[in-house]
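Listed below, chain by chain, are the residues.
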Amino acid sequence: MKAKDKVLNELLNNTNKYLSGEEIASTIGVSRNAIWKHVNSLKEDGYVIEAITNKGYKLIDYPDNLNAELIKADLRGACEHLEVEVRDVVTSTNTLLKENSSSYAGKDFLLVANEQTNGRGRLGRTFHSPSGTGVYFSLILHPKLSASDSQYLTTAIATAVARAIESVCNIPASIKWVNDIFVNEKKVCGILTEAVIDFEAGGLEYAIVGTGINITAPKEGYPEEIKDIAGALYEYNQAPKGIRNKLVAEIINNFYEYYIDLGNKPFFNEYKKRSFLMGHRVKVISNTTNPDDYFYANVIDIDEDFRLIVETDDWHEVALSTGEVSIRKV
Ligand code: BTN
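So, a few notes on the structure that sits alongside this text. Given the structure is predicted, the values throughout are model-derived calculations rather than measurements. (Residues numbered from 1 in each chain as written. Predicted model: local features only at pLDDT ≥ 70, side-chain atom pairs only at ≥ 80, totals over all residues. Heavy atoms only, no water.)

## Section: unusual backbone geometry
Definition in use: Each helix is a run of H or I in the DSSP string that is no shorter than four residues. Each strand is a run of E no shorter than two, and both are numbered from the N terminus. Accessibility here uses a 1.4 Å probe with only protein chains present; expressed as a share of the type maximum, an area under 20% marks a residue as buried, one over 50% as exposed, and anything in between as partly exposed.
That bond from Trp177 to Val178 is cis: its omega, 5 degrees, falls within 30 degrees of zero. Within the secondary structure layout, Val178 lies in the loop between strand 6 (174-176) and strand 7 (180-183). Not every positive phi belongs to a glycine, and Glu185 is a case in point at roughly 65 degrees. For Glu185, the location among the structural elements is in the loop between strand 7 and strand 8 (186-198). Residue Glu185 is classed as exposed on the basis of its relative accessible area of 61%.

Here you go:
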């Protein structure tokens, strides 16, 4: 951690009192003059820091930027010490972690971005990731999981996102099987999980769980091809300050609560409860490259392997697995 981030971290952990320059200097091991410089630099970044002679510094307010220290300050439990990096613009957080996977060997790492120029979606699609209106993040993990159990990473993060949207933003969120998050019948979040298999060891070498959330609608609206499906948590310019940092932290907290016990799928009931296709009539497109290959059915359940159980019009029960089909509510 850079000295400036350490100063911010100290101020964040002590918002109820004044910290003298000397105290901060001795905690982080730099001179008082260096503290003064870092405080001024933080002020230039938009942090409001009160400085009172003989008392010290106190953080009063902070900017609405994504910030690794603010995210880390809200992490707890199994992810309390997770390493977090925030970047303004990236090609794709999933791609960057994949390209640098060897430098994270055995170590979990969270990369968060304000904008992606080449955001990637499922089935080779692109993911619209404009600046300032969303948050895009990927977590690289090294789970001891079989390739088939790695699908639980996706359902775990989907549940974690829906639960966090509700607790942090107070907005009811549901899950469209298997991993899209919907608010008011619009998709507000997409998830892309990618795993690399270590054939010799017979498990995963690593997995990257990528999540993109539309926080506010972009001023110029959504591109034509997604404008009927895409939605956001808030109207343009209406998001509460600091919500992106808080939301990312809470999603990661929820996710790790599930991840440390992934094999037992502790999120299964919550996932099922939030699944909005349950009980609905759907169009099942069996071949995602051929939209004419479809049938209609009624959703009757989700089984313990997160397969969607549907009943066809000729009374056959079919278990649909993720990746094989595309589902539209009718
Ligand atoms: C989908 O809905 O098809 C999945 C979209 C996944 C988007 C996220 S944003 C962060 C991470 N980086 C990417 O390039 N994609 C994922």
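## Topic: the site of the ligand
So the rule is basically this: One heavy atom within 4 Å of a molecule or strand is enough for the residue carrying it to be called near that molecule or strand. Surface accessibility follows the Shrake-Rupley procedure with a 1.4 Å probe radius. Residue values consider only the protein chains on display as shielding. Cavity and pocket criteria rest on a 1 Å grid covering protein atoms alone: a 1.4 Å probe that fits but cannot get out defines a cavity, protein on both sides within 12 Å along at least 5 of 7 lines defines an open pocket, and an atom within 4 Å of a point defines a lining residue. Occupancy of a cavity or pocket is assigned to a molecule whenever over half of its atoms lie within 2 Å of that pocket's grid points.
Not every one of the 20 residues close to the ligand is listed here, only the nearest: Ser92, Gln116, Arg120, Arg122 and Lys187. Taken by itself the ligand offers 410 Å² of open surface, and the protein chains cover 98% of this. Counting atoms within 2 Å of the grid points, the majority share of the ligand lands in the largest pocket. Elements that contribute at least two residues to the shell around the ligand include exactly helix 5 (93-99), strand 5 (134-141), strand 8 and strand 9 (203-214). With four residues, the top contributor of residues to the shell around the ligand is strand 8.

## Quick notes on the packing of helix 1 (residues 3-12) against helix 2 (residues 21-28)
Put simply, the test is: Simply put, an axis is a line fit to the C-alpha atoms, just over the touching stretch for a helix, and the angle between two N-to-C directions goes from 0 to 180 degrees. Oblique is the label for any angle not covered by the other classes, which are roughly parallel (under 35 degrees), roughly antiparallel (over 145) and roughly perpendicular (65 to 115). What makes a crossing left-handed is the near helix being turned counterclockwise from the far one by less than a right angle; a clockwise turn instead makes it right-handed. In this description, contact between two residues means that some pair of their heavy atoms is separated by no more than 4.5 Å. Any residue that is not Ala, Val, Leu, Ile, Met, Phe, Trp, Tyr, Cys, Pro, Asp, Glu, Lys or Arg is counted as polar, Gly included; the first ten are nonpolar and the last four charged.
Axis separation between helix 1 and helix 2 bottoms out at 10 Å; the angle between their running directions is 125 degrees. With respect to their mutual orientation, helix 1 and helix 2 come out oblique. Our pair here, helix 1 against helix 2, has a crossing hand that is right-handed. Taken together, the residues of helix 2 that come into contact with helix 1 (itself represented by Ala3, Lys6, Val7, Glu10 and Leu11) are Ile24, Thr27 and Ile28. For the contact of helix 1 with helix 2, a count of residues per class yields five nonpolar, one polar and two charged.

## Comments concerning the pairing of strand 9
Under the convention used in this document: DSSP bridges decide pairing: two strands pair if at least two such bridges lie between them.
Counting buried positions over the 12 residues of strand 9 gives 11, a clear majority of the element. By the bridge criterion, eight bridges tie strand 5 to strand 9 in an arrangement that is antiparallel. Pairing of Tyr136 across the sheet is with Gly212, part of strand 9. The pairing of strand 8 with strand 9 spans 10 bridges and is antiparallel. Considered in strand 9, the bridge of Ile197 is made with Leu204.

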